[in-house]
Amino acid sequence: MKSTVLKEKRSTHLKRHGLLYLLFVVAIAVFVYRAQNSVVSHSGSSVNGSFEVGSPAPKFTLRNLQGNLEGIDDYKDKVIIVNFWATWCAPCLEEMPAFEKLYRRYRSQGLTVLAVSLDKGDSSKVKKFVDKNSLTFPVLLDLDGIAEKLYPSFTIPFTYVIDKKGRVAARVDGAKNWASNETFAALDILVKG
């Protein structure tokens with residue numbers, strides 16, 4: 001009798017947890033399928049989340065910290081480093097001083113850094129961080145996720161380097177030392193054309 005009762009309890013336990021496991025697996029499969037097959041269109045660019053070197057960079061326009069519209073088109077014929085970051089991301093914050101060095105070194109040679117904040121809601125944290133660290137490059141607010149949809153990633157920070165012709169020259173997932181000699185050498189080539 002005890003054996004039958006134990007089997008019934010195990011069977012009920014397995015059914016209950018097995019269903020939860022199955023739902024979890026289905027949810028992951030749907031997420032992966034949507035991530036691989038999502039297509040976002042903006043300004044005539046089709047994006048599937050993966051850019052090959054040489055492909056046109058999707059264009060976007062966002063508000064900067066002063067409330068003005070600013071975007072990729074404002075920097076035609078320049079090398080643009082588009083960095084996606086957030087105030088809650090420690091590696092993102094560590095990169096910012098290096099971006100400042102890079103920007104100061106190359107801005108007179110036709111390079112800009114566009115730091116796209118992925119922070120949602122109130123932009124006061126972004127403004128405080130920028131002021132505290134004396135950042136002089138443009139910081140854009142992606143409050144509605146416009147640029148984030150055009151440049152999807154599973155990591156943060158992530159960065160795109162766009163050449164003077166508006167093509168993707170490189171993508172970097174995760175944090176990097178942007179003030180390294182290796183980076184400067186690569187940017188020297190891009191800036192000189």
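Residues numbered from 1 in each chain as written. Predicted model: local features only at pLDDT ≥ 70, side-chain atom pairs only at ≥ 80, totals over all residues. Heavy atoms only, no water.

Tallied over the entire structure, the rule returns 9 aromatic pairs. With a centroid separation of 5.9 Å and 50° between ring planes, the pair formed by Tyr106 and Phe184 is classed as tilted. On the criterion of sequence distance, the pair formed by Tyr106 in helix H2 (residues 90–106) and Phe184 in helix H5 (residues 181–192) is long-range, its members being 78 residues apart. Classification of Tyr106 as buried rests on a relative accessible area of 0%. (Phe/Tyr/Trp six-rings, centres within 6.5 Å; stacked < 30°, edge-to-face > 60°. Helix = DSSP H or I, 4+ residues; strand = E, 2+ residues; numbered from the N terminus. Buried < 20%, exposed > 50% of the residue type's maximum accessible area, 1.4 Å probe, protein only.)

Let us look at the confidence of the model for the protein. Here the protein shows a mean pLDDT of 80. Residues at 70 or above account for 74%. A low-confidence stretch, residues 17–48 (pLDDT under 50), is modelled with 22 contacts involving residues beyond four sequence positions or located in other chains. (pLDDT = per-residue confidence, 0-100. Contact = heavy atoms within 4.5 Å.)

To continue, consider the pairing of strand E3 (residues 61–64). Here E3 pairs with strand E4 (residues 69–71) via 3 bridges, running antiparallel. Residue pairing in the sheet places Thr61 in a bridge with Gly71 of E4. Sheet analysis places E3 next to strand E7 (residues 139–141), joined by 2 bridges and oriented antiparallel. Its bridge partner lying in E7, Arg63 is registered against Leu141. (Pairing = 2+ DSSP bridges.)

As a further point, take the state of the cysteines. Applying the stated rule across the entire model yields 1 disulfide. Disulfide partner of Cys89: Cys92, at an S-S distance of 2.3 Å. Its S-S torsion of about 80° marks the bond between Cys89 and Cys92 as right-handed, since a negative value means left-handed. Cys92 shares its class with Cys89; the two are buried. (Disulfide = S-S within 2.5 Å.)

Take the pattern of salt bridges next. Considering all chains together, one arrives at 7 salt bridges under this definition. Between Glu148 and Lys120 there is a salt bridge, with its nearest N and O atoms 3.2 Å apart. Separated by 28 residues along the polypeptide, Glu148 in helix H4 (residues 146–150) and Lys120 in the loop between strand E6 (111–117) and helix H3 (124–132) bring together distant segments of the chain. Given the relative accessible area of 34%, Glu148 is considered partly exposed. (Salt bridge = Lys/Arg side-chain N within 4 Å of Asp/Glu carboxyl O.)

So, about H3. Taken residue by residue, H3 has Val126, Phe129 and Val130 as its buried positions. Down the axis of H3, the smallest arc covering the buried residues is 100°, so these residues share one side. Within H3, the exposed residues directed more than 90 degrees away from the buried face are Lys125, Lys128 and Lys132. In this structure, the buried side of H3 is in contact with strand E5 (79–85), H2, E6 and E7. Residue Ser134 follows H3 closely and has a positive phi angle near 50°. (Arc of directions from axis to C-beta.)

Before going further, it helps to spend a moment on the sheet that holds E7. With respect to topology, 7 strands assemble into an open sheet ordered E4-E3-E7-E6-E5-E8-E9, the strand pairing being mixed. For this open sheet the edge positions go to E4 and strand E9 (168–173), each flanked by a neighbour on one side alone. Each neighbouring strand pair of the sheet contributes to a mean axis angle of 35°, computed without reference to strand direction. Sheet topology note: the E6/E7 ladder contains 3 bridges and is parallel. Within the sheet, the bridge partner assigned to Ala115 lies in E7 and is Val139. (Axes fitted to C-alpha atoms, helices over the stretch in contact; angles between N-to-C directions.)

Turning our attention to the pairing of strand E8 (residues 158–162). Across the 5 residues of E8, 5 count as buried, placing the element largely inside the fold. Here E8 shows two buried faces, one formed by Phe158, Tyr160 and Ile162 and the other by Thr159 and Val161. In this sheet, E8 lies alongside E5 in antiparallel orientation, the contact comprising 5 bridges. Bridge pairing in E8 links Ile80 to Ile162. In this structure, E8 lies alongside E9, joined through 5 bridges in antiparallel fashion. Its bridge partner being in E9, Tyr160 is matched across the sheet by Arg171.

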